[in-house]
Amino acid sequence: MSILFKNYVKENKKQFFFLALNLVLISLINIPLPYFSKIIVDNIINSKEYQLILPVIFFFTFIVVMQIILGYISSIQNAKFFQNFIFVIRSSIFQKSIENTYINNSQLGLIQTLMTSDVENLSNNYLTIISTFFNSVILIVSYLAILFLLNVKLALLCIIFIPLYIIWTLFMGEKLKKMNSIAQNKRGQLLSSLTHFMTSLIPIHIYSYFDNARHEFKTVNTENKKINKQILSLHAFFNIMSGTIIIVASFLPFFVGIFFVIHNHLSMGELIAFNGYAMSLFTPLTNLINLLVLFKSSEIFEQRILSVINNTECPKKSIQKSNSSKSNNHVLYIEKMVLKDTSNQLLLNSKNFYINNGEVILLNGDNGTGKSLFLKSIVGLYKNFSGNIFFQNTLISDLDVTTIAKHIIYIDNQQKFVLKDFYHEMEILNSYKIDLNYFFDIVGLDIYTDSIDFQRDSLNNNISAGQAQLLRIIRALIKKPDIIVLDEIFSNISQKKVASIIGNIRAKFPNISIIIVDHHFTNGTLADRCYSIEDTEIIAKNS
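Residues numbered from 1 in each chain as written. Predicted model: local features only at pLDDT ≥ 70, side-chain atom pairs only at ≥ 80, totals over all residues. Heavy atoms only, no water.

Chemist: Tell me about the packing of aromatic side chains, and name the residues and values.
Modeler: In this structure the tally under the stated criterion is 33 aromatic pairs. Ring geometry for Phe 251 versus Phe 254: centroids 6.1 Å apart, planes at 80 degrees, classification edge-to-face. Within this pair, Phe 251 and its partner Phe 254 are both found in helix H9 (residues 210–262), separated by three residues, close to a single helical turn. Residue classification places Phe 251 among the partly exposed positions, given a relative accessible area of 30%. By relative accessible area, which is 23% here, Phe 254 ends up partly exposed. An angle of 75 degrees between the planes, with centres 5.9 Å apart, marks the rings of Phe 417 and Phe 422 as edge-to-face. Side by side, Phe 417 and Phe 422 carry an identical accessibility label, which is buried. Linked through ring pairs, Phe 5, Tyr 8, Phe 16, Phe 81, Phe 82, Phe 85, Tyr 126 and Phe 295 together constitute an aromatic cluster. The ring centre of Tyr 354 lies 4.0 Å from the NZ or CZ of Arg 529, which sits over that ring. (Phe/Tyr/Trp six-rings, centres within 6.5 Å; stacked < 30°, edge-to-face > 60°. Helix = DSSP H or I, 4+ residues; strand = E, 2+ residues; numbered from the N terminus. Buried < 20%, exposed > 50% of the residue type's maximum accessible area, 1.4 Å probe, protein only. Lys NZ or Arg CZ within 6 Å of the ring centre and 35° of its normal.)

Chemist: Can you lay out the pairing of strand E8 (residues 513–517) for me, pointing to particular residues and giving the numbers?
Modeler: By the criterion of burial, E8 is predominantly enclosed, with five of the five residues buried. In this structure, strand E3 (residues 360–364) lies alongside E8, joined through three bridges in parallel fashion. If you follow Val 360 over to E8, its bridge partner there is Ile 514. Note: strand E7 (residues 483–487) against E8, five bridges, orientation parallel. Paired with Asp 487 across the strands is Val 517, a residue of E8. Crossover E7 to E8 through helix H17 (residues 495–508) is right-handed. (Pairing = 2+ DSSP bridges. Right-handed = clockwise from strand over helix to strand, strands pointing away.)

Chemist: Go over the packing of helix H6 (residues 152–159) against H9 with me, naming the residues and quoting the values.
Modeler: Relative orientation of the contacting elements H6 and H9 amounts to 155 degrees, with a least axis distance of 9 Å. Comparing the axis directions of H6 and H9 gives the class roughly antiparallel. At the point where H6 passes H9, the crossing takes the right-handed sense. Only Ala 249, Leu 252, Pro 253, Val 256, Gly 257 and Phe 260 of H9 make contact with H6, whose side of the interface consists of Lys 153, Leu 154, Leu 157 and Cys 158. (Axes fitted to C-alpha atoms, helices over the stretch in contact; angles between N-to-C directions. Parallel < 35°, antiparallel > 145°, perpendicular 65-115°, else oblique. Left-handed = near helix turned anticlockwise from the far one by under 90°. Contact = heavy atoms within 4.5 Å.)

Chemist: Give a detailed account of the pattern of salt bridges, specifying residues and quantitative values.
Modeler: A full pass over the atoms with the stated rule returns nine salt bridges. Between Glu 425 and Arg 475 there is a salt bridge, with the nearest N and O atoms lying 2.6 Å from each other. One end of the pair, Glu 425, is in helix H13 (residues 422–429); the other, Arg 475, is in helix H16 (residues 465–478), and 50 residues separate them in sequence. (Salt bridge = Lys/Arg side-chain N within 4 Å of Asp/Glu carboxyl O.)

Chemist: So what's going on with the layout of surface pockets? Residues and values would help.
Modeler: Its boundaries defined by the atoms lining it, the second largest pocket holds a volume of some 780 Å³. Forming the boundary of the second largest pocket are 21 residues, of which Lys 177, Asn 180, Val 293, Lys 296 and Ser 297 lie nearest the centre. Mapped onto the lining of the second largest pocket, the elements with two or more residues apiece are helix H7 (161–198), H9 and helix H10 (268–309). Broken down by element, the residue count for the lining of the second largest pocket peaks at 10 residues, all from H7. A class-by-class count of the residues in the lining of the second largest pocket yields nine nonpolar, eight polar and four charged. (1 Å grid on protein atoms, 1.4 Å probe; cavity = no way out; pocket = protein on both sides within 12 Å on 5 of 7 lines; lining within 4 Å. Points joined across faces, edges and corners; volume = space filled by probe spheres on them. Nonpolar A, V, L, I, M, F, W, Y, C, P; charged D, E, K, R; others polar.)

Chemist: Describe in detail H9, supporting the description with residues and values.
Modeler: Helix length check: H9, at 53 residues, gives a terminal C-alpha distance of 77 Å against a target of 78 Å (1.5 Å per residue), a fit within 8%. At the C-terminal side of H9, Asn 264 shows a positive phi close to 60 degrees. (Expected span 1.5 Å × (residues − 1).)

Chemist: Any details on the nonpolar core? Residues and values, ideally.
Modeler: Residues Phe 422, Leu 471, Ile 474, Leu 477 and Phe 490 are the most contacted members of the largest nonpolar core, which totals 42 residues. The set of elements that each furnish at least two residues to this core consists of E3, strand E6 (408–411), H13, helix H14 (436–443), H16, E7, H17 and E8. Per-element accounting of this core gives the leading share, eight residues, to H16. Setting aside residues no more than four positions away along its own chain, Leu 477 makes contact with Phe 439, Ile 442, Ile 484, Ile 505, Phe 509 and Ile 512. (Core = buried A, V, L, I, M, F, W, Y, C linked by side-chain atoms within 4.5 Å.)

The following block contains the structure:
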């Protein structure tokens, strides 16, 4: 059974017990129905015991009413139990996901699939598994017991076909599974081909690739048609043969039973009841066999879910003084850093990078030299480096971004506005209860506030890039950090306004240090010192 579902059941034993109990009662109440045929034929019709008509009608009505009541209760129990399972798993996925500092497009796609599809599929599978298991096991055991009670010889004749039916079902199920796997790959190729051509319409039109595109898509489409035809044909053959086994297993004992009736070894009512139970036996048996397929598909869903839930980053640590720190007056000091990219190739070395209290530092370098990854390493967003990073003589190299962000704020153009509106977001951060207009004035946004829609969706999609950059700076300033790291955050702001913003920050927050990386930042006089990346080395320059 699923680890996720097993743990959930352990935490909800009482609810699961009553859910299972109700499923058992629903199964038990269905068992007597075929036996009514024996009473009607043998007792009422043949023996003329007409006084039994009303009791039979009463018990039949009672069973139907109980089926409705128990079925209604079961539907409520199932909905509550399994929807809560979905809620718990989704909450776990979300909690683990937001603990990551970065999620790429592939990971985001996986999380979206888990949230919208896999979690519900896993829940629905286990709803089916639990319901089918209790129902099928009870019915199979009960039906077999009644068959042997009615006639041992006919029962033995009937169950001879059960191993044959199980072997046939498992064999064909495995064959269909392999073909469905092939079909799934073919559908993936079809979707990939469709996506490729739909995103390549301009070159198709410019270079008249119409015939080539149609031919390639036709090939993939034909392969899909071929495998689907094979699956449908095989599935139809499987159903025909399965039906044949069930018919033979049901009617062969029935035909033999006729001779038992003729020789008074069996009553007519018992034969009819026997046939009813024999024909009913293979339905729960089939359902039970099909659970194997559900278990397999559930494993796939669970593995994907667990890949996210079990993917944990390093536990959070608090900032503590380090004995290995060099004693200095720098607010930030980087010692012997060797930074590598995601493929483990050397990007840059930093032997002696530092920033003092209230300084503005400018870092220059060509595209691809590792400036952004260097900044992300400082704030704990990137960990593929060696060396030491000290903040106020405290080693912070191994700390997580949340802990470091209490003192060092990193801003880039990819950061979205998270909460329902900007004012709500700032209210949470603004523990000093400073008027937001104070911050609007610092970045020169005060004259535009009446024209800005501060709702989250508008901020993330509709406002200008420059306005978004200014609001990101405000968000960082409200936390009053010791250091602000600005990664290309002035790219859509004029140089005149940049100078005004830097000047205002230095005037209002003289103790905040600023590190700037920006291709559009041309006014070097605003910086106290400059660094440049040359031949993988961070070199101090004269400002």
